[in-house]
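Remarks on the overall topology
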Amino acid sequence: MRPDTKLVAFEPAPGDPCRPNSTPIYQTATFAQESALEFGRYDYTRSGNPTRDVLERHVARLESASRAFAFASGMAAIAALLRQLPAGSRIVAGDDLYGGSVRWLDRIGPRNGLSPSYVDASDLAAVERALDGGAKLVLVETPSNPRLSIADIAAIAELAHRRGALLAVDNSAMSPHRQRPLELGADIVLHSATKHLGGHGDATGGIVAVKDDALASELAFFQNAEGTALAPFECWLLLRGIKTLGVRIEREEQSALAVAEFLARSKFATRVHHPGLAAHPGREVHARQASGTGCLVSFETGDADLSRRWIEALELFTIAVSFGSTDSQASLPCWMSHKSVPKDRVGSRTLPRDLVRLSIGLEDPLDLIEDLERGLEIARRARSSGRLDVRLGSP
Ligand SMILES: *Cc1c(COP(=O)(O)O)cnc(C)c1O
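Description of the structure in this document.

About the criteria used
- One numbering rule holds for all chains: residues counted from 1, following each sequence as written.
- Owing to the predicted nature of the model, reporting of local features is limited to residues with pLDDT of at least 70; listing and counting of side-chain atom pairs is limited to 80 or more, with chain, interface and lining totals taken over all residues.
- In computing side-chain values, all of the structure's heavy atoms are included and hydrogens and water are not.
- Runs of E in the DSSP output that reach at least two residues are strands. Runs of H or I that reach at least four are helices, and both are numbered from the N terminus.
- Throughout, radius of gyration means the C-alpha value; the globule benchmark is 2.2 Å times the number of residues raised to the power 0.38.
- Under the scheme applied here, a residue whose accessible area is under 20% of the maximum for its type counts as buried, over 50% as exposed, and between as partly exposed, the area being computed with a 1.4 Å probe on protein chains only.
- Contacts are assigned to residue pairs with any non-hydrogen atoms lying within 4.5 Å of each other.
- Values of accessible area rely on a 1.4 Å probe in the Shrake-Rupley scheme; residue burial ignores everything except the protein chains shown.
- Under the rule applied, a polar contact is a pair of N or O atoms within 3.5 Å (in protein, one hydrogen donor and one hydrogen acceptor; residues adjacent in sequence only if both atoms are side-chain atoms).
- When DSSP finds at least two bridges between two strands, those strands are taken to pair.
- We call a crossover right-handed when, viewed with both strands directed away from the observer, the connection leading from the first strand over the helix to the second proceeds clockwise.
- We define proximity as follows: a residue is near a molecule or strand when any one of its heavy atoms falls within 4 Å of that partner.
- For this classification, the nonpolar set comprises Ala, Val, Leu, Ile, Met, Phe, Trp, Tyr, Cys and Pro, the charged set comprises Asp, Glu, Lys and Arg, and every other residue, Gly included, is treated as polar.
- Orientation is described by axes fitted as lines to C-alpha atoms, over the contacting stretch for helices, and by angles from 0 to 180 degrees between their N-to-C directions.
- In this scheme the handedness of a crossing depends on how the near helix is turned from the far one: anticlockwise by less than a right angle means left-handed, clockwise means right-handed.
- Directions are taken from the helix axis to each C-beta atom, and the arc is the one they span.

1. Examining the overall build of the protein
Scanning the protein from terminus to terminus reveals twelve helices and twelve strands. Taken against the 2.2 N^0.38 rule, which gives 21 Å for 395 residues, the C-alpha radius of gyration of the protein at 21 Å falls within 12% of a compact globule. If one aligns the C-alpha atoms of the protein with their principal axes, the spans along those axes are about 80 × 50 × 40 Å. Of all 395 residues assigned to the protein, the portion counted as buried reaches 56%. Within the protein, residue pairs in contact and separated by at least 24 positions form 72% of the contacts whose partners lie at least 6 positions apart. Here the protein has roughly 16600 Å² of accessible surface; of this, 51% comes from carbon and sulfur atoms.

Shown next as structure tokens:
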């Protein structure tokens, strides 16, 4: 089955005698039991729910995993994975990760006896050196958020496995429709399902998908024991979102590339990051491991005040922290989604203060480009007349 077919061809309600063609929302906390000593397939929604089961099986199949688990958010999913690690474990993590992941690693990790060390995941020699210090887990995003740098999944999996570490890939930016890390040798796939899988900006959710049965059992145990599973209605929203993932992502990618090319021609965007651009240093690795280039574009202007004024002057882009939704969004990661990244890393190569992240939605790309041109004009005029009223200080 080809990827587009796989998205929609799944059994919506296994075993339901009414044979509904859309998965019902089994909005119930408990399930009646045959007797005090005879239990059915389900007993309590925290432990298991038919709507969640359909979602988890569907995503597992899309990611070529043996099992997937749906959590209340991407962070709940990431936490459920990281909490599996024994105290004393070292985690080698990409140095351009979602801000919430960095917050967990830096502030909750140590309370669980875990220590993160960050490395440029696009540099295999650096990853290898970091692994030589001993590690239980490597955690990367590719393309990373927000700088869209590329990590070679197959090569890192090999380096990690040779040293007895597992590789987890946060696949939020690509979705299984474009990139399937488990097929490339990774052990664990993570998602903020809030992004592409939901796709409409109306639900939060997270996924952990794995190949290994023992790890799957541990995750199932944690999901139930800690009560962090995704609620039935959100599971249904994700199932509905996944059905249109293929057409949404295809359109978003075409538009994102057009926007990236427009920005690359502008002298006011001093650096443009997008894996579809010929000049992107990770372009070849990305093209080898993914079948599309995603909806994200990020760029620098050399001037954080100009960046801020530019996105504030946009009419079609909402200033918001998420991505992968139907409408386009703009953000300053340094001040928004990545605010919890430690101050000493802000303004560095990985998190420039002037970095703008755009998430491209389903609007006509010409309207988006016109909006960016108009916004830039307003921002430039404000700058040249000294009317950048509020100067950005530190985030
Ligand atoms: C948003 C995001 C997360 C966190 O997911 P939530 O659903 O917001 O908890 C994790 N990783 C990446 C790459 C993200 O973009």
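2. Quick word on the side chain of His-177
Note that His-177 resides in the loop between strand 5 (166-170) and strand 6 (188-192). Of note is the side chain of His-177, whose polar atom sits 3.5 Å from the side chain of Asp-4.

3. Here's the deal with the pairing of strand 4 (residues 137-141)
Counted residue by residue, strand 4 has five buried out of five residues, so it is predominantly covered. The two faces of strand 4 match: Leu-137, Leu-139 and Glu-141 on one face and Val-138 and Val-140 on the other face are all buried. Of the strand pairs in this sheet, strand 2 (residues 90-94) and strand 4 are connected by three bridges, and their pairing is parallel. Each residue of the ladder has a partner; that of Ile-91, found in strand 4, is Leu-137. When strand 4 meets strand 5, the two strands line up parallel, connected through five bridges. Of the residues in strand 5, the one forming a bridge with Glu-141 is Asp-170. Once the chain exits strand 4 it traverses helix 6 (residues 153-162) before rejoining the sheet at strand 5, and the crossover so formed is right-handed.

4. Details of the environment of Tyr-98
Within the secondary structure layout, Tyr-98 lies in the loop between strand 2 and helix 4 (99-108). Spatially, the C-alpha atom of Tyr-98 lies 19 Å from that of Arg-180, the residues being 82 residues apart in sequence. In this view, Tyr-98 contacts Met-75, Glu-141, Asn-145, Ser-337 and His-338; residues no more than four positions away in its chain are not counted.

5. Quick word on the site of the ligand
Taken together, 14 residues are adjacent to the ligand, and Gly-74, Asp-170, Ser-192, Thr-194 and Lys-195 come closest. Between the ligand and the protein, one listed contact pairs an oxygen atom with a backbone N or O atom of Gly-74 at 2.8 Å. At 3.2 Å, a side-chain N or O of Asn-145 approaches an oxygen atom of the ligand. Isolated, the ligand exposes 380 Å² of accessible area, and the fraction of that covered by the protein chains is 91%. Ranked by residue count, the leading element in the shell around the ligand is helix 3 (residues 74-82), at three residues. Here the shell around the ligand is built from residues that sort into four nonpolar, seven polar and three charged.

6. What to know about the packing of helix 3 against helix 4
Between helix 3 and helix 4, the shortest axis-to-axis distance is 10 Å and the interhelical angle comes to 35 degrees. Crossing angle aside, the handedness with which helix 3 passes helix 4 is right-handed. Mapping the contact onto sequence places Met-75, Ile-78, Ala-79 and Leu-82 in helix 3 and Gly-100, Ser-101, Trp-104 and Leu-105 in helix 4. Of the residues assigned to the contact of helix 3 with helix 4, the class counts are six nonpolar, two polar and no charged.

7. Observations regarding helix 5 (residues 124-132)
At 3.6 residues per turn, the α-helix brings residues three or four places apart onto the same side. Here helix 5 has its buried residues at Ala-126, Val-127, Ala-130 and Leu-131. Seen along its axis, helix 5 keeps its buried residues to an arc of 140 degrees; they face one direction. Opposite the packed face of helix 5, turned more than 90 degrees from it, sit the exposed residues Arg-129 and Asp-132. Tucked inside the fold, the buried residues of helix 5 contact strand 2, strand 3 (115-119), strand 4 and helix 6. The N-cap of helix 5, judged by a side-chain oxygen 3.2 Å from the amide nitrogen of Ala-125 a few residues on, is Asp-123. Once helix 5 ends, the next one or two residues include Gly-134, with phi positive near 85 degrees.

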